[in-house]
Amino acid sequence: MKMKFGFSLLLILLISAGCGSKDVEELSAINQHGEQVSVPKEYAGDYWVADFIFTNCETVCPPMTGNMSRLQAQLQEEGLDIQLVSVSVDPENDTQDNLLAFAENYQPDFEHWDFLTGYSYQDVKEWSIKSFQSPVKKMEDSNQVAHGTSFFLVGPDGNIQETYSGTKADSVTKIVEDLKKLKE
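Definitions and cut-offs
- Within each chain, residues carry numbers counting from 1 in the order of the written sequence.
- In keeping with the predicted nature of the model, local features appear solely for residues at pLDDT of at least 70, side-chain atom pairs appear and are counted solely at 80 or more, and the whole-chain, interface and lining totals rest on all residues.
- Hydrogen atoms and water are omitted, and side-chain values are computed over all heavy atoms in the structure.
- When a carboxyl oxygen of Asp or Glu is within 4 Å of a side-chain nitrogen of Lys or Arg, the pair counts as a salt bridge.
- Each helix corresponds to a stretch of at least 4 residues labelled H or I by DSSP, and each strand to a stretch of at least 2 residues labelled E; elements are numbered beginning at the N terminus.
- Only protein chains enter the calculation, and the probe is 1.4 Å; a residue is then buried if its accessible area is under 20% of its type maximum, exposed if over 50%, and partly exposed in between.
- Under this definition, polar contacts are N or O atom pairs within 3.5 Å; protein pairs additionally need one hydrogen-donor-capable and one acceptor-capable atom, and for neighbouring residues in sequence, both atoms have to be side-chain atoms.
- The contact rule is simple, with two residues in contact once any of their heavy atoms fall within 4.5 Å.
- Whether two strands pair depends on DSSP finding at least two bridges between them.
- Take the residue count of a helix, subtract one, and multiply by 1.5 Å to get its expected span.
- To be clear, the arc concerns the directions from the helix axis to the C-beta atoms.
- Classification of ring pairs uses Phe, Tyr and Trp, with its six-membered ring standing for Trp, and accepts pairs whose centres are within 6.5 Å; under 30 degrees between planes counts as stacked, over 60 as edge-to-face, and the remaining range as tilted.

J.: Go over the pattern of salt bridges, please, and point to the residues and values.
T.: With the rule as written, the count across this model stands at five salt bridges. Note that Asp-178 is salt-bridged to Lys-174, the shortest N-O span being 2.9 Å. In this pair, Asp-178 and Lys-174 are both assigned in helix α5 (residues 170-183), four residues apart and thus about one turn of the helix distant. Since its relative accessible area comes to 11%, Asp-178 is described here as buried. Looking at Lys-174, the relative accessible area reads 38%, which means it is partly exposed.

J.: Which residues make up the side chain of Gln-72, and what are the values?
T.: Tracing the chain through its elements places Gln-72 in helix α2 (residues 61-77). Looking at Gln-72, its side chain comes within polar contact range of the main-chain nitrogen of Asp-109, at 2.9 Å. For Gln-72, the residues in contact, after removing those within four places along its chain, are Leu-84, Gln-107, Pro-108, Asp-109 and Trp-113.

J.: Could you give an account of the pairing of strand β4 (residues 83-88), with specific residues and numbers?
T.: Counting buried residues along β4, six of its six residues qualify, which places the element largely inside the surrounding structure. By the alternation rule, side chains of β4 split into Gln-83, Val-85 and Val-87 and Leu-84, Ser-86 and Ser-88, which are all buried. Judged from the six bridges that link them, strand β3 (residues 48-53) and β4 form a sheet pairing that is parallel. Bridging from a neighbouring strand, Ile-53 pairs with Ser-88 of β4.

J.: Can you break down the side chain of Thr-55 residue by residue, with the values?
T.: Tracing the sequence through the fold places Thr-55 in the loop between β3 and α2. Taking the relative accessible area as the measure of exposure, Thr-55 reaches 19% and is therefore buried. At 3.4 Å, the side chain of Thr-55 forms a polar contact with the side chain of Asn-93. Within the structure, the side chain of Thr-55 is placed 2.3 Å from the side chain of Asp-94, a separation counted as a polar contact. Discounting residues that sit within four places of it in the chain, Thr-55 has contacts with Asn-93, Asp-94, Asn-98, Leu-99 and Phe-102.

J.: I'd like a rundown of the environment of Ser-150, residues and numbers included.
T.: Mapped onto the secondary structure, Ser-150 falls in strand β8 (residues 150-154). With 86 residues separating them in the primary sequence, Ser-150 and Met-64 have C-alpha atoms 8.7 Å apart.

J.: Quick rundown of α5? Include the residues and the values.
T.: Counted at 1.5 Å a residue, the expected span for α5 with its 14 residues is 20 Å, and the 20 Å between its end C-alpha atoms agrees. All of the buried residues along α5 are Ser-171, Val-172, Ile-175, Val-176, Asp-178 and Leu-179. Down the axis of α5, the sector holding all buried residues measures 165°, keeping them to one side. Across from the buried face of α5, at angles greater than 90 degrees, the exposed residues are Asp-170 and Lys-181. In the core, the buried residues of α5 are packed alongside β3, α2, β8 and β9 (160-165).

J.: Please give an account of the packing of aromatic side chains that cites residues and values.
T.: Considering all chains together, one arrives at nine aromatic pairs under this definition. Summarising the aromatic geometry, the rings of Phe-102 and Tyr-106 are spaced 5.4 Å apart at their centres and angled 50° between planes, so their arrangement reads as tilted. Judged by its relative accessible area of 9%, Phe-102 is buried. Ring centres 6.4 Å apart and planes at 75° place the aromatic pair Phe-110 and Phe-115 in the edge-to-face group. Accessibility classification places Phe-110 together with Phe-115 in one group, the buried group.

Right, here's the structure in full:
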């Protein structure tokens, strides 16, 4: 089964690598504090960075969230006021309380980092594909969800500007450099 999961995840990652969408469509969600959030309206007018995760992930989500935490720290060091958005691909399991407990391990500044849930699995699956061209798939006989591992830089107009590897630490530096240039 691990081989099947690994192959499926690799296939999804290859399909989603380098892909982007023109517009981020609307998604109604709640954050880790139970506050209603409408994406992308909530973040309109500025740059923001999104990724897809889930709290009981056994593979890519912990390192991705670690990289998002490093990104948050570097953005603060550079004085860049950028919102980070981690979207759960397992909303049935990832309640607001589960997301809050998961997030605390990464020392988030919740003023600048939302962890989102509160929609159906089908809604987030369709949104991820339509808006980010990033497939999401529940794995058979498993509690795991295969999903893309990209960080998406979204512009003030709701268009995806750039896609980066969420699993590579050097992507953090590249995102900060790109944002500094874009904000000049």
